[in-house]
Amino acid sequence: MKELSIYIHIPFCEQKCIYCAFVSYCVNNEIKNKYFQNLKKEIQERKTDREISSIYIGGGTPSCVDAKYIKEILEEVYANYNLKKDIEITIECNPNSVDEEKLKVYKNIGINRISFGVQSLDNDTLKKLGRLHNKDQVVCAINNAKKVGFKNISVDLLLGLENQNIQDFEKQLQELIALDITHISAYMLEVEEGTKLFSMVENKEINLPIPEKTIEIYEKTVNFLKKNGFFRYEISNFSKIGYESKHNINYWKCNEYLGFGVAAYSYFEGYRFSNSINFNEYENKENLLYEKIDNRERIEELIMLGLRCKFGFDFNEIIKLGYDIFLNDNFKKYLDKNILIKEGNWIYLNPDYYGVSNSIICDILP
Ligand SMILES: C[S@@+](CC[C@H](N)C(=O)[O-])C[C@H]1O[C@@H](n2cnc3c(N)ncnc32)[C@H](O)[C@@H]1O
Ligand code: SF4
């Protein structure tokens with residue numbers, strides 16, 4: 001049976017960070033309450049018999065709402081879906097909005113993976129980004145998560161921040177690794193249109209490093225993490241052996257997922273659909289998008305997502321969908337030069353070329 005994941009979107013934050021373009025709102029309890037009622041309804045209505053291999057509760061900031069809401073929605077999932085025995089259940093948490101009690105509730109309701117949005121351990125940087133936590137709160141949150149029994153703890157970090165240098169960044173990584181975390185996502189900062197950061201960059205109120213500098217820090221980070229037992233399994237994701245995120249892997253392998261909540265996307269039985277970003281439209285089930293994925297799109301996704309991670313793509317699947325990739329001259333050239341590597345039915349990208357993956361992908365698409 002093919003893998004199926006569930007994504008649940010919690011679109012609430014206490015404050016908007018300057019760089020963030022995710023769908024999240026700072027709203028009152030009444031709106032939150034109504035949202036969770038609608039979310040439970042949606043979870044019930046989209047019931048399927050298929051087995052679920054991972055659940056990801058993301059946002060927004062899932063930890064900024066009362067833990068009783070998270071308990072209620074997970075119970076709704078448990079009541080309506082069949083779960084695999086080794087299911088991975090992740091919740092995204094901000095360090096300032098979890099304490100030991102909340103983490104205990106998460107543990108007791110079956111969550112087995114915590115993803116902390118750390119971004120940086122430099123207090124001045126955190127303040128400038130609009131984050132509500134400091135370094136001490138990060139350390140305290142991770143220690144509390146371990147204390148209540150979480151064994152799988154991830155942190156998100158940002159690369160390409162103002163004044164970032166590799167010495168300070170390695171020190172931060174060292175401090176986090178010493179806390180016994182199992183997974184690190186290190187994202188290159190994107191300057192998204194419509195964010196405060198975007199206008200700060202335009203008005204020269206912030207001085208971000210040139211891309212070459214960020215790539216240099218990224219490459220040094222890859223080596224540093226490898227030496228410390230964290231292996232890259234996707235461009236931005238590193239883990240100890242056995243702690244790769246099942247949920248992300250399902251997504252990169254183009255497996256199916258159901259997305260619940262405002263702005264959530266689904267890919268299910270050949271269709272891609274997404275809920276509205278607006279609360280009323282979401283309640284009225286006015287989908288933003290509902291489209292059948294044709295073979296060409298499927299091929300493009302399998303190649304694009306596959307080559308971003310160590311797993312690659314299955315060429316037989318691509319050929320079955322109607323694209324004989326072995327007739328593509330660029331593909332043959334990359335195989336000859338060991339830039340693309342063939343193992344059995346699988347093709348993956350030589351990790352030395354992750355930095356130029358986009359142009360390689362473009363060269364081999366149908
Ligand atoms: C859904 S977001 C937020 C999760 C959580 N609310 C937090 O802020 O920590 C997941 C991650 O995306 C990353 N992210 C958000 N905006 C980004 C941007 N503009 N560029 C790169 N990464 C970004 C951050 O590292 C963040 O932790
Ligand atoms: S980065 Fe996280 S906390 Fe900040 S606005 Fe985005 S979702 Fe909210």
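Cut-offs used in this document
- Residues numbered from 1 in each chain as written.
- Chains lettered and ligands numbered in written order.
- Predicted model: local features only at pLDDT ≥ 70, side-chain atom pairs only at ≥ 80, totals over all residues.
- Heavy atoms only, no water.
- Core = buried A, V, L, I, M, F, W, Y, C linked by side-chain atoms within 4.5 Å.
- Buried < 20%, exposed > 50% of the residue type's maximum accessible area, 1.4 Å probe, protein only.
- Helix = DSSP H or I, 4+ residues; strand = E, 2+ residues; numbered from the N terminus.
- Domains from an automatic or database assignment.
- Contact = heavy atoms within 4.5 Å.
- Near = heavy atom within 4 Å.
- Polar contact = N/O pair within 3.5 Å; in protein donor to acceptor, adjacent residues only side chain to side chain.
- Areas by Shrake-Rupley, 256 points an atom, 1.4 Å probe, with all protein chains shown as cover.
- Pairing = 2+ DSSP bridges.
- Axes fitted to C-alpha atoms, helices over the stretch in contact; angles between N-to-C directions.
- Buried area = accessible area lost by both parts, 1.4 Å probe.
- Salt bridge = Lys/Arg side-chain N within 4 Å of Asp/Glu carboxyl O.
- Lys, Arg positive; Asp, Glu negative; His and termini not counted.
- Phe/Tyr/Trp six-rings, centres within 6.5 Å; stacked < 30°, edge-to-face > 60°.
- Lys NZ or Arg CZ within 6 Å of the ring centre and 35° of its normal.

1. Here we look at the nonpolar core
So, point 1. Of all hydrophobic cores here, the largest spans 95 residues; its most connected members are Tyr106, Phe116 and Ile303.
So, point 2. The element contributing the most residues to this core is helix 2 (residues 67-80), with 6 residues.
So, point 3. Looking at this core, you find at least three residues from each of domain 1 (4-251) and domain 2 (294-366).
So, point 4. Ignoring any residue separated from it by four or fewer positions in sequence, one finds Phe116 in contact with Cys93, Val98, Ala141, Ile142, Ala145, Ile153, Ser154, Val155 and Asp156.
So, point 5. Cys17, Ile18, Leu129 and Leu197 belong to the second-largest nonpolar core, a separate cluster that totals 11 residues.

2. Some thoughts on the site of ligand 1
So, point 1. Not every one of the 17 residues close to ligand 1 is listed here, only the nearest: Gly60, Gln119, Arg131, Asp156 and Glu190.
So, point 2. Asn94 places a side-chain nitrogen or oxygen 3.1 Å from an oxygen atom of ligand 1.
So, point 3. In the model, an oxygen atom of ligand 1 is placed 2.7 Å from a nitrogen or oxygen of the Arg131 side chain.
So, point 4. Expressed as a share of its isolated accessible area of 560 Å², the protein-covered part of ligand 1 is 91%.
So, point 5. Elements represented by at least two residues in the shell around ligand 1 include exactly strand 4 (113-119), strand 5 (153-159) and strand 6 (183-188).

3. A look at the sheet that holds strand 13 (residues 313-314)
So, point 1. If you trace the 3 strands from one edge of the open sheet to the other, you get 13-15-14, paired in antiparallel fashion. Each of the sheet's edge strands pairs with one partner strand only, and the pair in question is strand 13 and strand 14 (340-343).
So, point 2. Bridge count between strand 13 and strand 15 (residues 346-349): 2 bridges; the pairing is antiparallel. The residue of strand 15 that forms the bridge with Phe313 is Ile347.
So, point 3. Contacting strand 13, strand 14 and strand 15, helix 13 (residues 329-336) crosses the sheet at an angle of about 80° to strand 14.

4. With respect to the domain arrangement of the protein chain
So, point 1. Structurally, the protein chain comprises domain 1 (4-251) and domain 2 (294-366).
So, point 2. Domain 1 and domain 2 are separated by 29 Å when their C-alpha centres are compared.
So, point 3. Taken residue by residue, the interface counts 9 residues in domain 1 and 8 residues in domain 2.
So, point 4. Where domain 1 abuts domain 2, roughly 800 Å² becomes buried across the two surfaces, and 60% of that area is made up of carbon and sulfur atoms.
So, point 5. Note that Arg308 is salt-bridged to Glu234, the shortest N-O span being 3.0 Å.
So, point 6. Counting across the domain 1 and domain 2 interface gives 4 residue pairs in polar contact (both at pLDDT 80 or more).

5. A closer look at the environment of Glu14
So, point 1. Following the sequence through the fold, Glu14 ends up in the loop between strand 1 (4-10) and helix 1 (29-45).
So, point 2. A C-alpha to C-alpha distance of 9.7 Å links Glu14 and Arg131, two positions 117 residues apart in sequence.
So, point 3. If sequence neighbours within four positions are ignored, Glu14 has contacts with Cys26, Cys64, Asn96, Ser97 and Leu132.

6. A short note on the side chain of Glu92
So, point 1. Inspection of the secondary structure puts Glu92 in strand 3 (residues 82-93).
So, point 2. No salt bridge is formed by the buried Glu92; the nearest opposite charge belongs to Arg113, separated by 8.0 Å.
So, point 3. Separated by 3.0 Å, the side chains of Glu92 and Tyr56 make a polar contact.

7. A look at the packing of aromatic side chains
So, point 1. In the structure shown here, the tally under the stated rule is 17 aromatic pairs.
So, point 2. Judged by centre distance (5.7 Å) and plane angle (40°), the rings of Tyr35 and Tyr282 are tilted. With a gap of 247 residues between them, Tyr35 in helix 1 and Tyr282 in helix 10 (residues 279-283) connect regions that are remote in the sequence. For the pair Tyr35 and Tyr282, a shared accessibility class is recorded, and that class is buried.
So, point 3. Summarising the aromatic geometry, the rings of Tyr81 and Phe260 are spaced 6.1 Å apart at their centres and angled 50° between planes, so their arrangement reads as tilted. Of the two residues, Tyr81 is situated in the loop between helix 2 and strand 3 and Phe260 in strand 9 (residues 256-260); the sequence distance between them amounts to 179 residues. With respect to burial, Tyr81 and Phe260 carry one shared label: buried.
So, point 4. One cation-aromatic arrangement involves Lys32 over Phe12; the distance from NZ or CZ to the ring centre is 5.8 Å.
So, point 5. Its end group placed over the ring of Phe311, Lys253 keeps NZ or CZ at 4.8 Å from the ring centre.

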